[in-house]
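Overview (structure and organization)
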Amino acid sequence: MTNTGTILIIDDEVQIRRLLEITLSANDFKIAEASTGKEGLALAATGQPVLIILDLGLPDIDGLEILKQLREWYQKPIIILSVRNSEDDIIAALDYGANDYLIKPFRTGELLARIR
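This write-up is about the structure you can find in this document. (Residues numbered from 1 in each chain as written. Predicted model: local features only at pLDDT ≥ 70, side-chain atom pairs only at ≥ 80, totals over all residues. Heavy atoms only, no water.)

A few words on the overall build of the protein. A tally of regular secondary structure across the protein gives five helices and five strands. Sequence-ordered secondary structure for the protein, helices as α and strands as β, is β-α-β-α-β-α-β-α-β-α. For the protein, the C-alpha radius of gyration of 13 Å lies close to 13 Å, the compact-globule estimate for 116 residues. C-alpha atoms of the protein, sized along the principal axes, occupy 35 × 30 × 25 Å. Taking contacts inside the protein between residues at least 6 apart in sequence as the whole, the part at least 24 apart equals 60%. Total accessible area on the protein is roughly 6000 Å²; 51% of this is exposed by carbon and sulfur atoms. On the protein, the mean spot of the 12 positive side-chain charges and the mean spot of the 18 negative ones are 5 Å from each other. (Helix = DSSP H or I, 4+ residues; strand = E, 2+ residues; numbered from the N terminus. Rg over C-alpha atoms; globule rule 2.2 N^0.38 Å. Contact = heavy atoms within 4.5 Å. Areas by Shrake-Rupley, 256 points an atom, 1.4 Å probe, with all protein chains shown as cover. Lys, Arg positive; Asp, Glu negative; His and termini not counted. Charge placed at Lys NZ, Arg CZ, Asp CG, Glu CD.)

Below, the discussion takes up the sheet that holds strand E2 (residues 30-34). Read from one edge of the open sheet, five strands run E2-E1-E3-E4-E5, paired in parallel fashion. Looking along the sheet, the strands with just one partner apiece sit at the ends: E2 and strand E5 (100-103). Within this sheet the neighbouring strands show an average axis-to-axis angle of 20°, counted without direction. Both strand E1 (residues 6-10) and strand E3 (residues 51-54) contribute to a ladder of four bridges, which runs parallel. Bridge assignment links Ile7 to a residue of E3, and that residue is Leu51. Where helix H1 (residues 14-26) meets the sheet, its contacts fall on E1, E2, E3 and strand E4 (78-82), and the angle it forms with E2 comes to roughly 170°. Sitting on the sheet, helix H4 (residues 87-95) touches E4 and E5, and the angle it makes with E5 is about 150°. (Pairing = 2+ DSSP bridges. Axes fitted to C-alpha atoms, helices over the stretch in contact; angles between N-to-C directions.)

Let us look at the pairing of E3. Side-chain alternation along E3 places Leu51 and Ile53 on one buried face and Ile52 and Leu54 on a second face that is also buried. Bridge count for E3 against E4 is three bridges, and the pairing is parallel. Opposite Leu54, over in E4, you have Ile80 as the bridge partner. (Buried < 20%, exposed > 50% of the residue type's maximum accessible area, 1.4 Å probe, protein only.)

The next thing to look at is helix H2 (residues 37-47). If you check which residues of H2 are buried, you get Gly37, Gly40, Leu41 and Ala44. The buried residues of H2 occupy an angular sector of 100° when projected down its axis, which confines them to one face. Among the exposed residues of H2, those oriented more than 90 degrees off its buried face are Lys38 and Thr46. Phi for Gln48, located one or two positions after H2, is positive at around 50°. (Arc of directions from axis to C-beta.)

This part covers the side chain of Arg71. Mapping Arg71 onto the fold places it in the loop between helix H3 (63-70) and E4. Buried Arg71, no salt bridge; nearest opposite-charge side chain is Asp100, N-O distance 11 Å. From its side chain, Arg71 meets the backbone oxygen of Tyr74 in a polar contact 2.6 Å long. Side-chain polar atoms of Arg71 contact the backbone oxygen of Lys76, separated by 2.9 Å. Leaving out residues up to four positions away in the same chain, Arg71 has contacts with Lys76, Pro77, Ile78, Tyr96, Gly97 and Asn99. (Salt bridge = Lys/Arg side-chain N within 4 Å of Asp/Glu carboxyl O. Polar contact = N/O pair within 3.5 Å; in protein donor to acceptor, adjacent residues only side chain to side chain.)

Below, the structure is given as structure tokens:
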């Protein structure tokens, strides 16, 4: 399987970024990484990713705010990957334009299926 384009991971947890990098690279995806919301917004604007995986618990800007800002101009898929598991958080993310929502801990096979 040959995948084209870059997936942007916006997550402050090094372990999660490493797991995603290994999993996605093994499936022929290119990866860009950001550990803060500000860095993620900049990479999304300059790197033209084909998909964004976004954590809601970022150190500088809440992920829901990042999602709102991205949806002002970014039309490609955004998958939320977060420990926040309340129905209110899930509904808010979907209402703000997330295409999907996965709760940590997650199964990598399920994430890959959702990306496909």
